[in-house]
Amino acid sequence: GGFGPGMFSTLVSIFAARYLYASPRYELSVDNPQASLQFVLTLSVCVTINLFAARLRNSAFRNGRLYEELLSSMSDPFFVVDRKWTVLQTNPAFDQFIASPSGSIVGRSLWEVFPGREKTEVYRALKKTMETREPQLIESLRPGTDSWYEIRAFPTEFGVSVFIHDITERKMFETTRDRMLTDE
């Protein structure tokens, strides 16, 4: 619960250990410099531990929020799979990309969600990333659409992270340019 409750429990613990569980050999008083010094040192150590613990909790909370905010703010679809192809994380853009409720495929096999993709270039690239632990970049036409996507797969400690970027406009420009160059 924070620094205040931590300090309270520290002080209660010091007095409880000193007077309830171990018979006091000294009284806590300013007249006894050794006992006062022991108390001040113990209290200092406990305060330091509580400060570090509070900082760690705050840092972990901020980092978790930062990670969630980063994923939510990304306009490009993103997902992560583990080494068994289980989807660990998606962002809202990916959920929208596959027309699925938020996080609904998390915990499921990627190939169960997208059956029959084992013969695609995307599958081969993801599999190669998983096996070789080397990043892959491919361009792929989305089945059933005229949309082109650049897919970047990066190996991670736990599997593969995948970023998807719409490159349809660039592909249209390249096609138009190539057509104009061949007409000349």
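In this report, the structure presented in the accompanying data block is examined. (Residues numbered from 1 in each chain as written. Predicted model: local features only at pLDDT ≥ 70, side-chain atom pairs only at ≥ 80, totals over all residues. Heavy atoms only, no water.)

### Brief notes about the nonpolar core
Buried together is how nonpolar side chains tend to be arranged in soluble globular proteins.
Moving on, step 1. Core analysis: the largest hydrophobic core is formed by 23 residues, its most contacted members being Phe79, Val81, Phe94, Leu110, Leu126, Val162 and Ile164.
Moving on, step 2. Sorting the residues of this core by element identifies strand S1 (78-82), helix H3 (92-97), helix H4 (110-113), helix H5 (121-132), strand S4 (148-155) and strand S5 (159-166) as the ones contributing at least two each.
Moving on, step 3. Residue contacts for valine 162: discarding those within four places in its chain leaves Pro77, Phe78, Phe79, Leu126, Ile151, Arg152 and Ala153. (Core = buried A, V, L, I, M, F, W, Y, C linked by side-chain atoms within 4.5 Å. Buried < 20%, exposed > 50% of the residue type's maximum accessible area, 1.4 Å probe, protein only. Helix = DSSP H or I, 4+ residues; strand = E, 2+ residues; numbered from the N terminus. Contact = heavy atoms within 4.5 Å.)

### Remarks on the pattern of salt bridges
Moving on, step 1. Counted according to the given criterion, the structure contains nine salt bridges.
Moving on, step 2. Residue glutamate 139 pairs with lysine 171 through a salt bridge whose shortest N-O separation is 2.8 Å. Residue glutamate 139 is located in strand S3 (residues 136-141), and its partner lysine 171 is located in helix H6 (residues 168-183); the two are separated by 32 residues in the primary sequence.
Moving on, step 3. Here glutamate 150 makes a salt bridge to arginine 170, at a shortest N to O gap of 4.0 Å. Here glutamate 150, found in strand S4, pairs with arginine 170, found in helix H6; they are 20 residues apart in sequence, far enough to count as distant.
Moving on, step 4. Look at glutamate 150 and you get buried, because its relative accessible area is 13%.
Moving on, step 5. Using a relative accessible area of 31% as the deciding quantity, one classes arginine 170 as partly exposed.
Moving on, step 6. Via salt bridges that share partners, Glu139, Glu150, Arg152, Arg170, Lys171 and Glu174 belong to a single interconnected network. (Salt bridge = Lys/Arg side-chain N within 4 Å of Asp/Glu carboxyl O.)

### Quick notes on the layout of surface pockets
Sizing a probe to match a water molecule and rolling it over the atoms shows the empty space that remains.
Moving on, step 1. Of the pockets and cavities examined, the largest pocket occupies roughly 460 Å³.
Moving on, step 2. Phe97, Arg117, Val122, Pro143 and Ile151 are the residues nearest the centre of the largest pocket, which is lined by 22 residues in total.
Moving on, step 3. Among the elements of the structure, H3, H4, H5, S3, S4 and S5 are those that each provide at least two residues to the lining of the largest pocket.
Moving on, step 4. The element that contributes the greatest number of residues to the lining of the largest pocket is H5, accounting for four residues. (1 Å grid on protein atoms, 1.4 Å probe; cavity = no way out; pocket = protein on both sides within 12 Å on 5 of 7 lines; lining within 4 Å. Points joined across faces, edges and corners; volume = space filled by probe spheres on them.)

### Description of the sheet that holds S4
Moving on, step 1. The strand order across the open sheet built from five strands is S2-S1-S5-S4-S3, with neighbouring strands paired in antiparallel fashion. At either end of the open sheet lies a strand with only one pairing partner, and these are strand S2 (87-90) and S3. Between one strand axis and the next, the sheet turns by 20° as a mean value, whatever way the strands run.
Moving on, step 2. In the sheet, S4 pairs with S5 via seven bridges, with the strands oriented antiparallel. When the bridges of S5 are listed, arginine 152 appears paired with phenylalanine 163.
Moving on, step 3. Sitting on the sheet, H5 touches S1, S3, S4 and S5, and the angle it makes with S3 is about 170°. (Pairing = 2+ DSSP bridges. Axes fitted to C-alpha atoms, helices over the stretch in contact; angles between N-to-C directions.)

### A closer look at the pairing of S2
Moving on, step 1. Two strands pair when backbone bridges link them, and S1 and S2 are joined in this way by three bridges, in the antiparallel orientation. When the sheet's bridge partners are listed, valine 81 is paired in S2 with valine 87.
Moving on, step 2. Between S1 and S2, which pair antiparallel and follow one another directly, the connecting turn spans four residues, one of which, tryptophan 85, has a positive phi of 70°.

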